[in-house]
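A closer look at the structure
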Amino acid sequence: MSFRCFLAVAAALLLFQGPLTIRAAAAAPLFHTCSNAAKNSTASGRYDVALSSLLGYLRDQTPRNDGFALGSLGSSLRDRPYGVALCRGDASAADCRSCVGNATAEILRRCPSDKSAAIWYDGCTVRYSDSDFFGRVDDRVRFYLINTANASDAASFDGKLRELMGRLAREAAYVAPRMFAEGVIEEEEKKLYGLVECSRDLGSGECKKCVGEAIGQLPRCCGGKVGGQVVGGSCRIRYEVYPFLAAGFKS
């Protein structure tokens, strides 16, 4: 699967009635993409060595660094990979470690000969490339996860959803130090839960842009649906009518 702009709609999510604990290490990835760009045969050995070291660094540092790490390694530009790992803001250090460990192993298994790749789990994301992508919004890949159940009053529901997501987008971009915001809003005597998260290599303006584009996709993917996610390389948004953050998480 190439690194090109496309949309993928995943199967419906199951509903749960209580808070969730992230167990991404034992779960299958939500999605992955490989560049299909073959490495230069002369430099591929050096690139592979550098990539292995970089993924080891991300695996080690992400849970130690509040769920985020980035870096690049290599003796020259031809053999230097750039990588980012981000754990969801409500993940514990133990769950973050498990998720990133699983992701760094699985991304190499699924994309063994690629210069660039990305893999998403419910609890974390790992990306790498032979080009420096730090600080830039990656909108080449975006996918959806939807709950196919319909809201009883779609217009009212979607209005509350826009209100909630707009508030969380501003908080993630300009207030929250980890660019992770979660919240709840009342909808017809029920609660609507949401989260917004950006990769922490982005600045506030880039975060707001990324999240704004994701929110703009909601009518297309998820209009009138009681749950959904829009996930990309640099940010993700999610909403549900049940609590879905990790058990015991306090913002």
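- The name an unreviewed UniProt entry gives the chain is Gnk2-homologous domain-containing protein, with Linum tenue as the organism.
- Comment text from UniProt for the chain, heading Sequence similarities (unreviewed entry), reads "Belongs to the cysteine-rich repeat secretory protein family."
- Word for word, the UniProt comment on the chain under Subcellular location (unreviewed entry) is "Secreted".

Here's the deal with the nonpolar core
- Core analysis: the largest hydrophobic core is formed by 32 residues, its most contacted members being Met165, Val211, Leu218, Ile237 and Tyr239.
- Elements with a contribution of two residues or more to this core: β7 (141–150), α3 (154–174), β8 (180–187), β9 (190–198), α4 (204–216), α5 (218–222), β10 (225–232) and β11 (235–240).
- Looking at this core, the element that brings in the most residues is α3, giving eight residues.
- Counting 22 residues, the second-largest nonpolar core is a separate cluster that includes Cys34, Leu58, Ala103 and Cys124.

Remarks on the state of the cysteines
- Counting across every chain of the model gives six disulfides.
- A sulfur-sulfur separation of 2.1 Å characterises the disulfide bridge that pairs Cys198 with Cys207. Looking down the S-S bond of the Cys198 and Cys207 bridge, the torsion is 85 degrees, so its handedness is right-handed. The exposure classification of Cys198 matches that of Cys207, with both residues buried.

Rules and cut-offs
- Residues numbered from 1 in each chain as written.
- Predicted model: local features only at pLDDT ≥ 70, side-chain atom pairs only at ≥ 80, totals over all residues.
- Heavy atoms only, no water.
- UniProt positions renumbered as here; feature names shortened; annotations may be inferred.
- Core = buried A, V, L, I, M, F, W, Y, C linked by side-chain atoms within 4.5 Å.
- Buried < 20%, exposed > 50% of the residue type's maximum accessible area, 1.4 Å probe, protein only.
- Helix = DSSP H or I, 4+ residues; strand = E, 2+ residues; numbered from the N terminus.
- Disulfide = S-S within 2.5 Å.

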